[in-house]
Amino acid sequence: MAKCKVKAVRLVSPLSQKAEVLNFLQAKGTMEIRQETALSPPPTDPDAERATLKEALGAIEKATAELDARAPEKKGLLSMLEPREEVEETAFFGEKARAEAALETAKTLLELVKQEADLGVERTRLQTKLDLLEPWKTVSPVTRVSPRVSAVTGLIRRNVTREEILSAVARDYPEIEAVEVELYDLPSDITDPVAGPTILTAYCLTDDAEEVETSLKNFGFVNAPGTDAGPYAEQAAAVEAALAENEAQKEKLGDEILSFASARADLRFAADYYTALIGQVDASSLLGQTERVFVVTGFAEGKDAEKLKKQAEKRFDAAVELTDPGPDDDPPVILKNGFFSAPLQNITGMYSLPSKTDIDPTSFMSFFYYLFFGMMLSDAGYGLVIALATGGVLLFKKNLEPKMKNTMKMYLFCGLSTVFWGAMYGSWFGDAPAVIAREFFHAPAGFNPMPPIWTDAVTDTMNVLIMCFILGLAHLFWGVCMKGYTDLKNGRKLDAVFDTIPTFVTVIGIAPIFFGLFVQDHIPENYPALGRFLYNIFMAVHTSLSQVNMYILIAGLALVICTAGRHSKGIVGKVGGGLYEVYSLFSGYLGDVLSYARLLALGMATGVIGQVMNMLGTLPKNPVIKIPAFILVFIAGHVANLAINLIGAYVHTNRLQYVEFFSKFYEGGGRAFVPFEATTKYYRFKEEQ
Amino acid sequence: MGNGLAIFFIILGAVLAAGLSGMGSARGTSLVGQAAAGVVSEDPSKFGKVLILQVLPATQGLYGLLIAILTLSFSGVMGGNGNVHYEWYQGLAFFAADLPMAVVGYFSAIHQAKAAAAGVGIVAKKPNESGKAITFAALVETYAILALLISVLSLSALQGMFAA
């Protein structure tokens, strides 16, 4: 239920068994490999090996992506819950040939894809050629009429008249007189009254031909394509035939590529195989090696280490030595918690893992974590949806991956807590029970079939706010207790007392004054029994505390001033430290406690938005569409509200743990355990019995 | 006329408390989010750490919402039987009580975001020191909390005064 005992592991084995041992260690995935310092590393070139393997993996992944894009696999809604396929270690690493064959397949496939892409480029080229020929299909141009007279044919990409062309030439070369232009009539599917094109033949004296052509080109004239390859119509027909051929080839290639879809399983296997090998190359550069043996050093969790030793020594000619990590070692942190807290290890890890002197805070925060999450989501309907969905998955999917299982468990507990708070606040999909009773069953206004067990958070804001502050104070005090516990664990008995008691006394002394600012003298008349009970208890405690709180406060302040500066030198430092602690206690706890107002604010946001959704759903008064409209708005609205508030509840629960709770006692900074394992996507290794 | 104006002021105060604080939080979380996205693009495993920094300036928006609801509820505009009678200056007093949260909420969210965005840099370079980054940014929040406190106290005092 805490930090695990970590063993330093040192495995020595003959070089001849290196590959098998690495396969074994990787399949187990329970040992972290660290750099061996006493011996020199293996004399291989890991960079070159890694590059080759990465290239292979890249080809396989690209081929798989290509197949997935062309023939997507049908995936169910719950496919992300499916575990990876289980495989025996020896079977997996024994199928080298299968992986190599799949690599060849991938290369062939990628070659075909490349050919297909080339065809695409060719197609674009042909298409452009065809576009250029298009206006000329009906024209057979004249180029030269006699030795003295030249003719030049071409096209201008807009609609121009004969006069415009002639005057353009006259402007450029006023001395040329003998010019004539003939415009062709083009069918209307080729030309446009504005955009053109205009096809023309210009006649002039051969001596002037160059100037006339220059002038025309200034005007946007483009020469007609050559006729060496035959008349335009024939040329166009040839290009069209080439295009059709291109199309057919492309289709053939596409079919050929698709026929590789059956190799998908092999490709996936190969992807995992090469991923595993890359992991081995990385690990292998950390090993130590002599002429005959190699050495693996690292860390493993105590029980895992024992198991590893037993199995390795049985299977290989290996010697495994387990020791406790020395003072110079930097052992990783492994957390282990029970059913209730294990799902939250990730949350702790996201902040920082415990350092050598820290305790594992996971099991100490789990109760408040689930409690606060439920309070922020605070709708029993939403809680039920989450709890049923995750509970159902846990019940019916037995072989979930551990990570997924923990996520499901976390949301199951969060969901149950949400049901609890939703019922306390009387929020079931907002105010759905009351709205449905009123709109569809003609219940009298104000009738609520599911009244709150405690109170309605939206209207009874002040009392819920006080509840938030009380829970917040409990959470903070719990953090201070953890501080004392950490002190004790590290053998600082005096600190364990002085870090906790003065804080408790002072804050308890000041709390009634603070709460007094928020307390209402009377509670609403329609307050339910449980709410009245809780309120009375609080008021009783509050009033009795108020009568003596001045004395408690003074005692607390005296304690803080006397003890908080105990680590400073000299009387001035000690008193100064104490006074500073008084300041930080007041400003710190004031801010910390008020911060728990988010429990109310987020909870209220869920409730109010839910009510708005229900109101929108009941807007249509037409009896025919009333029910379907309500169902539609109800589902869409509440799904959106749940999604938004789920994120909000998660993030702000984390914040309360990290900023308010952890800051009381937790340092963090532990190194995460990074086991040598295969980060495979499709397969996982079977656990040996 | 007096009552209508009073209710206008009460609503205006509530709207500004929620609106300005919300605007500040939106700008703040966006600012930190941009810095955080840069870090996550390099190292996705830091998501959790930078997310907390991004959430820090979200608090002001929630406080603003709280003040808005307390204003409406204490004044009896919301949740009461709608039977409220105020002079215009009494409404103005509710409005004044909302001002600390509205103004400080807006500015503290943005300034806290700047500290948090700088903290994202700490997380990028020294992930183990993220607790310090959080502390730097959380210090700015103190002033939003003080404003919240003053707004709540003023509202509470007004309720007591006008109810009598």
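Rules used throughout
Residues numbered from 1 in each chain as written. Chains lettered and ligands numbered in written order. Predicted model: local features only at pLDDT ≥ 70, side-chain atom pairs only at ≥ 80, totals over all residues. Helix = DSSP H or I, 4+ residues; strand = E, 2+ residues; numbered from the N terminus. Buried ≥ 20, exposed ≤ 12 C-beta atoms within 10 Å, placed from the backbone. pLDDT = per-residue confidence, 0-100. Core = buried A, V, L, I, M, F, W, Y, C linked by C-beta atoms within 7 Å. Contact = placed C-beta atoms within 7 Å. Nonpolar A, V, L, I, M, F, W, Y, C, P; charged D, E, K, R; others polar. Pairing = 2+ DSSP bridges. Axes fitted to C-alpha atoms, helices over the stretch in contact; angles between N-to-C directions. Parallel < 35°, antiparallel > 145°, perpendicular 65-115°, else oblique.

On to unusual backbone geometry. Residue and element names in this part refer to chain A. Positive phi values are uncommon outside glycine, yet Ser 378 reaches one of about 45°. As for its placement among the helices and strands, Ser 378 is situated in the loop between helix H11 (362–377) and helix H12 (380–396). Its identity is not glycine, yet Phe 429 carries a phi of approximately 50°, on the positive side. Judged by the 24 C-beta atoms lying within 10 Å of it, Phe 429 falls in the buried class.

When pLDDT is low, close inspection of the predicted coordinates is not appropriate. The predicted model of chain B averages 89 in pLDDT, with 96% of residues at 70 or higher. In the model output, the complex is listed with pTM 0.81 alongside ipTM 0.78.

Membership of the largest hydrophobic core comes to 117 residues, with the highest contact counts inside it found for Leu 600 of chain A together with Leu 53, Leu 66 and Val 120 of chain B. When residues no more than four places from it in sequence are discounted, the contact partners of Leu 600 of chain A are Ala 457, Thr 461, Val 464, Leu 465 and Cys 468 of chain A together with Leu 66 of chain B. Listed in part, the 27 residues of the second largest apolar core include Ala 27, Ala 283, Ala 300 and Val 333 of chain A.

Frequently, the measure chosen for interface size is the accessible area that the parts lose on association. Opposite the 26 residues of chain A that make contact, chain B presents 26 residues. If one sorts the elements of the side of chain A that touches chain B by residue count, helix H20 (residues 597–617) of chain A sits on top with seven residues. Considering only residue class, the side of chain A that touches chain B consists of 14 nonpolar, 10 polar and two charged.

So, about the sheet that holds strand S7 (residues 198–205) of chain A. Residue and element names in this part refer to chain A. In space, the four strands of this open sheet follow the order S6-S7-S5-S8, with antiparallel pairing throughout. At either end of the open sheet lies a strand with only one pairing partner, and these are strand S6 (179–183) and strand S8 (221–223). The mean inter-strand angle of the sheet, taken between neighbouring strand axes irrespective of direction, is 35°. Across five bridges, S6 lies against S7 in antiparallel orientation. Directly across from Val 181, in S7, lies its bridge partner Ala 202. Packing against the sheet, helix H5 (residues 162–172) makes contact with S6 and S7, and its axis sits at approximately 150° to S6.

Moving on, we get to the packing of H20 of chain A against helix H3 (residues 59–74) of chain B. Packing of H20 of chain A against H3 of chain B leaves a shortest axis separation of 9 Å and a crossing angle of 75°. With respect to H3 of chain B, the element H20 of chain A is oriented roughly perpendicular. Residues Ala 597, Arg 598, Leu 600, Ala 601, Leu 602, Met 604 and Ala 605 of chain A of H20 of chain A form the contact with H3 of chain B, whose participating residues are Thr 59, Leu 62, Tyr 63, Leu 65, Leu 66 and Ile 69 of chain B.

The next subject is the environment of Leu 103 of chain A. Residue and element names in this part refer to chain A. You can see Leu 103 is positioned in helix H4 (residues 96–133). Accessibility expressed as a C-beta count within 10 Å gives 22 for Leu 103, which makes it buried. A C-alpha to C-alpha distance of 10.0 Å links Leu 103 and Gly 58, two positions 45 residues apart in sequence. Setting aside chain neighbours within four positions, we find Leu 103 in contact with Ala 56, Ala 59, Ile 60 and Ala 270.

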